[in-house]
Amino acid sequence: MYHTLHIIVPDVLHVTAGQLEYASKQLLIAVHATTGGYNSSLVSSNGGMLIPLEEMASSFWSDSAVGNAMLQQLSEPFDPANSHPAALEKRRYALSPLQAIAVTTKRQMKLVLRDKVLLKGRMMQIVAVSLMVGSLFFQLGHAVGDARSFFGAAFMVILFMSMGSMPQIGVVMAQKGVSMKHRDSLLYPGYAHGAAMALSQLPVSIMEATLFSCIIYFMVGFHLTPAYFFTFWVIVVASNLCLTALFRLLAVLAPNPTLAAAYGGLALLVLILTSGFAIVRGSIPLMWIWAYYLSPVSGQ
C-alpha cells in the first residue's frame, strides 16, 4: 500500500544527478514513501528507473513546451539594467570607498582606545624621556658655540620619535591576518585598512608630540616665540607621522614578526647614519646621499 502526499508548488525545477528532468509553473508532486518519491509505474522490480535519466532530460528539452520556452529564454542575453537594483551587485565591494574607510577607521579607533595600557605606558615614556633629555640640555645659552648643542637636542627629539614609533610593527603584525582575510573576502579594500591605521594614529601622534614638545622645548631653552614653538611642534608631529608610517610599511611588507623587527632595526640604523648628525652631510657618500634627503630625521 502506497502513502501519497500531494503538494501544489509554483516554479518547480526537478533536478536529478545534475540533469534537469521537469520544470513547470504548477506541478503536482506525488511523494511515495515506499518508492523513493517515484510512481510505481516508473520503477522496475529491482528498484531502477524504467526510463534512463539522460533520455528523460533530453525529452524535457526537446519535446516539452516548458523546455522549449526555457531554451528560448536562455538563448537571449540578459540585460542587467532590467533587473532589480538589489538583484545583482555590480561593484567589487558592497561599500563605497568612503564608507569602507569610515567603517574601518571606526573599528580601528576602538582598538586603539581599548589598549589603555599601551597608551598610558606611552605617555609615561614620553614624560620620562623628555625630562631626561631636557635635563641633559637644560637651558642652553644662545651663543654661537651652543649651536651644536641645540642641534644635538633637536636630533635627540627626532631620534626618540623614531624609536617610539617602532612598536607599530607589533601592532600591525597582530592585525595583519585579519586585514588580509577581510581583503581577500572582499569585505574591505586594502587602502581602507591603511587609511584607517593612519587616521586612528593621528590623534595619538598629535597628543604625543604636543606633550613632548611642551616639556623639551622650554627645558632646553629654545627661543620663547610662538612662531618658533609652532614650527618646532609641526616638525615633531610630521616626523612622528612619517616614522610611524615607515614602520607600518615595513610590518606590512615583512612575512613574519622576526623579519619585521629586523627590517625596523635596519631602517633605524640607516636613518641615524644618514641624518647629518653622526656624519655631516658633506661627508656622506654619494651612493647614500639620497637617504639623507628622504629621511625625516635629517635636516633638523
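Note that the structure is predicted; figures quoted are calculated from it, not measured.

What counts as what
- Residues numbered from 1 in each chain as written.
- Predicted model: local features only at pLDDT ≥ 70, side-chain atom pairs only at ≥ 80, totals over all residues.
- Heavy atoms only, no water.
- Helix = DSSP H or I, 4+ residues; strand = E, 2+ residues; numbered from the N terminus.
- Buried < 20%, exposed > 50% of the residue type's maximum accessible area, 1.4 Å probe, protein only.
- Contact = heavy atoms within 4.5 Å.
- Areas by Shrake-Rupley, 256 points an atom, 1.4 Å probe, with all protein chains shown as cover.
- Axes fitted to C-alpha atoms, helices over the stretch in contact; angles between N-to-C directions.
- Left-handed = near helix turned anticlockwise from the far one by under 90°.
- Nonpolar A, V, L, I, M, F, W, Y, C, P; charged D, E, K, R; others polar.
- Expected span 1.5 Å × (residues − 1).
- Core = buried A, V, L, I, M, F, W, Y, C linked by side-chain atoms within 4.5 Å.
- Salt bridge = Lys/Arg side-chain N within 4 Å of Asp/Glu carboxyl O.
- pLDDT = per-residue confidence, 0-100.
- Patch = residues over 30% accessible without salt bridge, like charges linked within 9 Å, V, L, I, M, F, W, Y side chains within 5 Å.

Q: Explain the overall build of the protein chain here, please?
A: A count of helices and strands for the protein chain gives 10 helices and 2 strands. Counting from the amino terminus, the protein chain carries its helices and strands in the arrangement β-β-α-α-α-α-α-α-α-α-α-α. Burial analysis of the protein chain (300 residues in total) assigns 32% to the buried set. The contacts in the protein chain between residues at least 6 apart in sequence include a share of 64% that link residues at least 24 apart. With an accessible surface of roughly 18,400 Å², the protein chain has 69% of that area assigned to carbon and sulfur atoms.

Q: Can you help me understand the packing of helix 8 (residues 226–253) against helix 9 (residues 257–273) in this one?
A: Packed helices, taken two at a time, are described by the angle between their axes plus the distance between the axes. Running from N to C, helix 8 and helix 9 point in directions that differ by 145 degrees, and their axes come no closer than 9 Å. When the axes of helix 8 and helix 9 are compared, the crossing they make is right-handed. Along its contact with helix 8, which presents L243, L246, F247, L250 and A251, the element helix 9 presents A260, Y263, G264, A267 and L271. Considered class by class, the residues forming the contact of helix 8 with helix 9 number 9 nonpolar, 1 polar and no charged.

Q: Please explain helix 5 (residues 147–164) as it appears in this structure.
A: In an α-helix, one full turn covers 3.6 residues, which means residues spaced three or four apart are oriented alike. Its 18 residues give helix 5 an end-to-end C-alpha distance of 26 Å, which sits within 8% of 26 Å, the value for a rise of 1.5 Å per residue. Within helix 5, burial applies to F150, G152, A153, A154, F155, V157, I158, L159, F160, M161, S162 and G164. Of the surrounding secondary structure, the elements contacted by the buried residues of helix 5 are helix 4 (116–136), helix 7 (190–220), helix 8 and helix 9.

Q: What exactly am I supposed to notice about the nonpolar core here?
A: One recurring pattern in soluble globular proteins is that nonpolar side chains are buried together. Residues F212, I216, V220, F222 and F232 are the most contacted members of the largest nonpolar core, which totals 25 residues. With 8 residues, helix 5 is the largest single contributor of residues to this core. Leave out the neighbours within four places in its chain, and F212 touches I126, V129, S130, V157, F160 and M161. Core analysis: the second largest hydrophobic core is formed by 10 residues, M197, F247, L250 and A251 among them.

Q: What is the right way to read the pattern of salt bridges from this model?
A: Once the charged atoms of two side chains with opposite charge are near each other, the side chains can pair. The tally for this structure, following the rule as stated, stands at 2 salt bridges. Of the charged contacts in the structure, one is a salt bridge between E208 and R122, with a shortest N-O distance of 2.9 Å. In this pair, E208 sits in helix 7 while R122 sits in helix 4, placing the two residues 86 residues apart along the sequence. On the basis of relative accessibility, which here comes to 7%, the residue E208 falls in the buried class. The salt bridge involving D184 is made with R183; its shortest N-O contact spans 3.3 Å. On the accessibility criterion, D184 (55% relative accessible area) is exposed. The exposure class of R183 is partly exposed, given its relative accessible area of 37%.

Q: I keep staring at the confidence of the model for the protein chain and nothing clicks. Help me out?
A: Low-pLDDT stretches of the model should not have their predicted coordinates read in fine detail. Residues at a pLDDT of 70 or more form 79% of the protein chain, whose mean pLDDT is 77. Across the protein chain, the element-wise mean pLDDT spans from 44 in strand 2 (residues 19–32) up to 89 in helix 3 (residues 97–114). This stretch, residues 1–10, has a pLDDT under 50; its non-local contacts, to residues over four places away or in other chains, come to 29 contacts.

Q: What exactly am I supposed to notice about a nonpolar patch on the surface here?
A: Together, L266, L269, L273 and I279 line one region of the surface with nonpolar side chains, adding up to about 340 Å² of accessible area. Mapped onto the elements of the fold, L273 is located in helix 9. Of the residues examined, L273 reaches a relative accessible area of 40% and is grouped as partly exposed.

Q: Before we go on, may I ask you to explain unusual backbone geometry in this structure?
A: With glycine set apart, most residues show a phi of negative sign, and most peptide bonds adopt trans. Backbone geometry at Q139 places phi at a positive 45 degrees, although glycine is not the residue there. For Q139, the location among the structural elements is in the loop between helix 4 and helix 5. Residue classification places Q139 among the partly exposed positions, given a relative accessible area of 45%. Despite not being glycine, L186 shows a phi value in the positive range, around 60 degrees. Assignment of secondary structure puts L186 in the loop between helix 6 (168–184) and helix 7.

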